[in-house]
Every structure is written in C-alpha cells, then in structure tokens.
Amino acid sequence: MFTLKEILEKTACLELTVEEAEKLVRLQAIAELEGMAKIDCNREHRKGVPEIILAENKTIADTVEIALKMFQTSGRAIISRCTPQHIEALKAAVPVDAVCQVNQKAKMVSIKNKNYTIAASGGKIGLLTAGTSDISVAEEAKIIAEEMGCTVYTAYDLGVAGIHRILEPLKDLIIKDVDVIVVVAGREGALPSVIAGMVNVPVIAVPTSNSYGFGEKGISTLMAMIQSCSLGIAVVNIDSGVAAGAIATLIANRAAKFRK
C-alpha cells in the first residue's frame, strides 16, 4: 500500500492515472480490522499529526493487531500508554523489515520500516518539567514532536521550590528561539505561569497527577493552570503528554513553514 505522498508523486510522474490514484486514496483512507477498529491512515497528511494507538484498556492481542495493520498501511505505528506486557508483545511481533523503538519512561513504542526516515521540519520546541516525577508525561510529548520532525530541547526538574534553577535553561531556550514551550508540572502547577510571564512564545501547560491530599491526582494542578494570570498559556488535560506534543508540533511546524 502506498502512502498518500507516494500516490501524489506517482500521479504527478504519470505512473498512476487520476482514476487509479483516486481508488488508492479511497482504499487507504480507513483500514478496518474485522469490525474491531477503524484506523485513520491519512490523519498525518490531513492533520499534521499521525494517529496514535492507545494501548490502555486494550488487550495485548488487539493492540498488536492494530499496530501491525497501521505499520503495514503507513510504514509507521506509534503506540502509547503501554504496559510492560504490551511492550514485550509488540517487540516480539515486529516484522523482519521493521525496527522497534521503546521509550520506557513514556511507555511508548514506535514501529517503523527500516528505510523510514523522519524529515526535519525546522520546528523548535522547548520542554520543561517541574520535577523528575513529571518526566514520563514530558517524554510522551517529546516523542510526538520528534516523530513529526521537530527538534526538542529539554530541561527537567526545574520546580518553583528552587526557582533559581529555571534561569539558565530558560535563557537557553530564548537563545535557541523556540517556537513554543511545553511545561509539565504537578502539585500546585505554578511553573507554567512563571515561564509564561518571561517569554514571548506560546506556553502549553500539562498538569500531572503527581499530587495528593486536597486536590489530589492533578485536580488542583489543573485548576491552578486554568486560573493562571499569565497570558499566553493553553492547558491540556491531566497527564496528556501526547495532546501537548501534538499541539506543540502543529505550532512549531507551522512557524517553521513560514520561516522557510
């Protein structure tokens, strides 16, 4: 099965007729697995971010089957929220013509053709965390951004309990002229407000569930971020590293497009 880009290139080179190309596009639009799942194969070309397979609450067998179908259709499959059992099963099922990359911290797996290349988009993203316990969510965002060609500059464990730690990493991001900054934090969720008050680029705040007691499981963090008095902040749901990575990617790649 050709990718959408390959279909367009072959049509432009007269290797496919318009009718043949139309048929291939229709066949490629949605891949269905015996009534179990409908895979949006063209999302990357239509949306700018590929479909991400959520392993959470899926059986291991279903996750593997969906991932392999996505891989066969588009040459790449990205799977999030994997358990150790999901990861081992996916690694065991990888075809001989593919490579499997595992990020244990993010609990994510990517499967790609051996000749699959990610073109650098020129998009630049800063990624900060308040604490080390927020890194797993941050790594989700990082993977999504890198899979879409962005360069991601990270600095972790910069919480406001030691606010002096922010200064050098933030100065570095300003010098690198990043297009957007993703800030991941738990507890009182103060770090995004501090960062947004010091930069002239969009800030995406990601609350994590690393809080307890009153406002536990990220509730107080989410509320604090939504109530921020610093302008220029957008907030995603609790622990939504993938969502933050997708938004950051769309902003950064759009900015890079117009820089070119």
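Because the structure is a prediction, the values reported are computed rather than measured. (Residues numbered from 1 in each chain as written. Predicted model: local features only at pLDDT ≥ 70, side-chain atom pairs only at ≥ 80, totals over all residues. Heavy atoms only, no water.)

Novice: Explain the side chain of Thr221 here, please?
Specialist: Looking at the element boundaries, Thr221 is found in helix α9 (residues 219-226). A residue is classified by how much of its surface remains accessible, and Thr221, at 0% relative accessible area, is buried. Reaching out from Thr221, the side chain makes a polar contact with the backbone oxygen of Arg187 at a distance of 2.6 Å. Once residues lying within four places of it in the same chain are set aside, the contact partners of Thr221 are Ala185, Gly186, Arg187, Gly189, Pro207, Thr208 and Ser211. (Helix = DSSP H or I, 4+ residues; strand = E, 2+ residues; numbered from the N terminus. Buried < 20%, exposed > 50% of the residue type's maximum accessible area, 1.4 Å probe, protein only. Polar contact = N/O pair within 3.5 Å; in protein donor to acceptor, adjacent residues only side chain to side chain. Contact = heavy atoms within 4.5 Å.)

Novice: Help me understand the packing of helix α6 (residues 135-147) against helix α10 (residues 241-259) in this model?
Specialist: Helix packing geometry: the angle between the two helix axes and the distance between the axes. The contact between α6 and α10 brings their axes to 7 Å, and the two run at 40 degrees. For the pair α6 and α10, the sense of crossing is right-handed. For the pair α6 and α10, the contacting residues are Val137, Glu140, Ala141, Ile144 and Ala145 in the first and Gly241, Val242, Gly245, Ala246 and Thr249 in the second. Looking at the contact of α6 with α10, its residues break down into 6 nonpolar, 3 polar and 1 charged. (Axes fitted to C-alpha atoms, helices over the stretch in contact; angles between N-to-C directions. Left-handed = near helix turned anticlockwise from the far one by under 90°. Nonpolar A, V, L, I, M, F, W, Y, C, P; charged D, E, K, R; others polar.)

Novice: When you look at the packing of helix α4 (residues 60-74) against helix α5 (residues 84-93) in this model, what are you seeing that I'm missing?
Specialist: The contact between α4 and α5 brings their axes to 10 Å, and the two run at 45 degrees. The angle between α4 and α5 places the two elements in the oblique class. The interaxial crossing formed by α4 with α5 has right-handed handedness. Touching Ile60, Thr63, Val64, Ala67 and Leu68 of α4 are Gln85, His86, Ala89, Leu90 and Ala93, all from α5. Partitioning the contact of α4 with α5 into residue classes produces 7 nonpolar, 3 polar and no charged. (Parallel < 35°, antiparallel > 145°, perpendicular 65-115°, else oblique.)

Novice: Help me understand the sheet that holds strand β9 (residues 180-185) in this model?
Specialist: Across a sheet, paired strands are connected by hydrogen bonds in the backbone, their directions being either parallel or antiparallel. Read from one edge to the other, the open sheet built from 5 strands follows the order β8-β7-β9-β10-β11, with strand pairing classed as parallel. Since the sheet does not close on itself, it has two edges, and those belong to β8 (151-155) and β11 (233-235), each with one partner. Each neighbouring strand pair of the sheet contributes to a mean axis angle of 25 degrees, computed without reference to strand direction. In this sheet, β11 lies alongside strand β10 (residues 203-207) in parallel orientation, the contact comprising 3 bridges. Paired with Val203 across the two strands is Ile233, which belongs to β11. Sitting on the sheet, α6 touches β7 (124-129), β8, β9 and β10, and the angle it makes with β7 is about 170 degrees. Contacts from α10 reach β7, β9 and β10, with the element oriented near 170 degrees to β10. (Pairing = 2+ DSSP bridges.)

Novice: Explanation requested: the state of the cysteines in the structure shown.
Specialist: Simply put, the disulfide is a covalent bond whose two ends are the sulfur atoms of two cysteines. This structure, assessed with the given rule, holds 0 disulfides. This cysteine, Cys82, is not joined by any disulfide, and Cys100 carries the nearest cysteine sulfur, 9.0 Å off. (Disulfide = S-S within 2.5 Å.)

Novice: Sorry if this is basic, but what is going on with the sheet that holds strand β6 (residues 108-113) here?
Specialist: In spatial order, the strands read β3-β4-β6-β5; together these 4 strands make up an open sheet with mixed pairing. In this open sheet, the two edge strands, each paired with only one partner strand, are β3 (53-54) and β5 (98-103). Pairing of strand β4 (residues 76-80) with β6, which is carried by 4 bridges, proceeds in the antiparallel orientation. When the bridges of β6 are listed, Arg76 appears paired with Lys112.

Novice: Would you take a moment to explain α6 for this structure?
Specialist: Residue pairs three or four apart in sequence face the same way in an α-helix, which turns once every 3.6 residues. In this model, α6 (13 residues) spans 18 Å end to end at C-alpha, consistent with the 18 Å of a helix rising 1.5 Å per residue. With respect to burial, α6 is a largely interior element, 11 of its 13 residues being buried. Among all positions of α6, only Ile135, Val137, Ala138, Glu139, Glu140, Ala141, Lys142, Ile143, Ile144, Ala145 and Glu147 are buried. Two residues or fewer past α6, Gly149 is found with a positive phi of approximately 90 degrees. (Expected span 1.5 Å × (residues − 1).)

Novice: Looking at this model, I keep getting lost on helix α7 (residues 167-176). Mind explaining?
Specialist: Every buried residue of α7 is accounted for by Pro169, Leu170 and Leu173. All buried residues of α7 project into a common sector of 95 degrees when viewed along the axis, lining one side. In α7, those exposed residues whose orientation departs by more than 90 degrees from the buried face are Glu168 and Ile175. In the core, the buried residues of α7 are packed alongside β7, β8, β9 and α8 (191-196). (Arc of directions from axis to C-beta.)

Function cannot be inferred from these measures alone, as they are strictly geometric.
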